[in-house]
Structures are given as structure tokens and as C-alpha cells.
Amino acid sequence: MFTGIIEEMGEITAVAPSGDGWRLTVRAPRAAADAVHGESIAVSGVCLTVVGSTADTFDADVMRQTLDVSAIGSATIGTRVNIEKAMPVGARLGGHIVQGHVDGTGDVLEVRPGAQWSVLRISLPADLAPLVVDKGSISVDGTSLTVSAVSPSTSSGTQDGSETRDGHWFEVSLIPATLAATTLGLRAVGDRVNLETDILARHVERLLAFRAAPEGGSR
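The structure reproduced in this document is the subject of the present report. (Residues numbered from 1 in each chain as written. Predicted model: local features only at pLDDT ≥ 70, side-chain atom pairs only at ≥ 80, totals over all residues. Heavy atoms only, no water.)

1. Re the pairing of strand S10 (residues 143–150)
Part 1: As paired elements, strand S9 (residues 137–140) and S10 share four bridges and run antiparallel to each other. Residue pairing in the sheet places isoleucine 138 in a bridge with leucine 145 of S10.
Part 2: Between S9 and the antiparallel strand that follows it, S10, lie two residues; aspartate 141 among them carries a positive phi value of about 50°.
Part 3: As judged from the three bridges shared by S10 and strand S11 (residues 169–174), these two strands associate in the antiparallel manner. Paired with valine 147 across the strands is valine 172, a residue of S11. (Pairing = 2+ DSSP bridges. Helix = DSSP H or I, 4+ residues; strand = E, 2+ residues; numbered from the N terminus.)

In C-alpha cells form, the structure reads like this:
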């Protein structure tokens, strides 16, 4: 379990085939310093298990499914990544409950720099759109963020009826500390990012799906 409060930016230093997946080596001195075999570390929002470590790097295996559904699948040597170690019991929950289980990916559609912050507009897969609400929480590349704007509930238009080419999207407003401490400050239009929606929203959607199903049937 994680909170989405990034502890350091790391860098992928090696990518090697491992079965039908990959073994990654990540340089992250703060996380690696006391990393132990079997513990969980979130790498840009993807929960990975440590299988080896040195003083400043750790190794983790990434299965094929994870490569297919997350932006980790396009990572290369030199890719910068957000690092967070698992939350200890009794610690303050600084962000929100993040599992490290990526729901899907989005593309950066727009970056709007401001005097004190930067706004990112990110595309949202249609199946995730109902789970993202204005002022709600979302994890982007493992970073706990507050949604500052969302597209209308229909992807074909805006509130005034005009068309939009972006489909479903959401925006997050990033303060200087977030821009400096995470990879989000490096993001440009077209970049792919990992998305994890709020676990509470996912549970509600599942409950409603069962209640909507006809008695004795399935959905």
C-alpha cells in the first residue's frame, strides 16, 4: 500500500529479458539503501517486488501483463521514474490510498505553464472516465493528485454543445514542489503516463453493477 507521496526520482539503468517479461534495474539511492528482498516499491505507480539490491540500485521483475497495461512497457535505459516505498503501519496518509495497481494509461494532451504552477490535461480511457471526479483523487505515475477539472460525461462534446477532439480527459494543477520532486515536471505533450483511479470509486462501481444486474442473472 502506498500514499502517492513520491520520495525520490530514480532512473532505469538496465532492462533485461526475464521469461516473457523484463527485469529492471533502477537507480534510487534512498529506496535502495535499506531495500530487502521481497519488499514492494512503487515505480511510477507500478507496484514491483524487489528481487535484488545494491547500495544505490534495486532489481525488480515486471510481468508481461504489467508491460502491456502500463507505461513501464515503453521504458528504456535512462527513463526517469517516480519512486515510493510502501507505507509503514501507523504512518500519516499524506496523499490517498494508492495500491500500485495501474488501471490504464493516458496521454498528456496539454501543458499550460503558470506563474506558480503548471496544469496538465491528460486523456482518460472511456472505461475509467466514470471513476474520475472534479476535486477527487487520482494517481498519475504514482503521484497522488487532486483532479482540478474533468471533461463532460459525454466524450463527443462540451457543456455548451461544442465538439472536442480530446474525448474524455481530466486536468491536474501541479505546484512547484511537485514539478521539482516528480517526473511530472518533465512531461510534454504526447507523453504516456500511468493512471490509477480511487479504489473507493472502483468498489462503488462494482457494487452498483451487481445491484443493476437482474435477479438470478449476471452482468
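Next, the rest of the story.
2. A look at the sheet that holds strand S8 (residues 118–123)
Part 1: Reading around the barrel, the six strands line up as S7-S8-S11-S10-S9-S12 and close back on themselves, with antiparallel pairing between neighbours. Going from strand to strand, the sheet's axes swing by 45° on average, the running direction of each strand aside.
Part 2: Where strand S7 (residues 104–113) meets S8, five bridges bridge the pair, whose relative direction is antiparallel. Bridging from a neighbouring strand, proline 113 pairs with serine 118 of S8. (Axes fitted to C-alpha atoms, helices over the stretch in contact; angles between N-to-C directions.)

3. What to know about the nonpolar core
Part 1: Core analysis: the largest hydrophobic core is formed by 20 residues, its most contacted members being Leu24, Val26, Val43, Phe58, Ile72 and Ile83.
Part 2: For isoleucine 83, the contacting residues outside a window of four places in its chain are Ile6, Glu7, Glu8, Gly10, Val26, Ala28, Ala31, Ile41, Ala42, Val43 and Phe58.
Part 3: Grouped together as the second largest cluster of nonpolar side chains are 18 residues, Leu124, Val147, Leu174 and Leu195 included. (Core = buried A, V, L, I, M, F, W, Y, C linked by side-chain atoms within 4.5 Å. Buried < 20%, exposed > 50% of the residue type's maximum accessible area, 1.4 Å probe, protein only. Contact = heavy atoms within 4.5 Å.)

4. Quick word on the pattern of salt bridges
Oppositely charged side chains are able to pair whenever their charged atoms sit close together.
Part 1: For the structure shown, the criterion picks out twelve salt bridges.
Part 2: A salt bridge links arginine 23 to aspartate 61; the shortest N-O distance between them is 2.7 Å. Here arginine 23 is found in strand S2 (residues 21–27), whereas its partner aspartate 61 is found in strand S5 (residues 57–62), with 38 residues between them in sequence.
Part 3: Relative accessible area serves as the criterion here: at 36%, arginine 23 is assigned to the partly exposed category.
Part 4: Note on aspartate 61: relative accessible area 30%, which makes it partly exposed. (Salt bridge = Lys/Arg side-chain N within 4 Å of Asp/Glu carboxyl O.)

5. Some words on the environment of arginine 202
Part 1: Here arginine 202 lies in helix H4 (residues 199–212).
Part 2: As for arginine 202 and valine 132, which are separated by 70 residues in sequence, their C-alpha atoms are 10.0 Å apart.
Part 3: Setting aside its immediate chain neighbours within four residues, arginine 202 contacts Gln99, Asp103, Leu131, Glu196 and Thr197.
Part 4: Of the polar contacts made by the side chain of arginine 202, one reaches the side chain of glutamine 99; its length is 2.5 Å. (Polar contact = N/O pair within 3.5 Å; in protein donor to acceptor, adjacent residues only side chain to side chain.)

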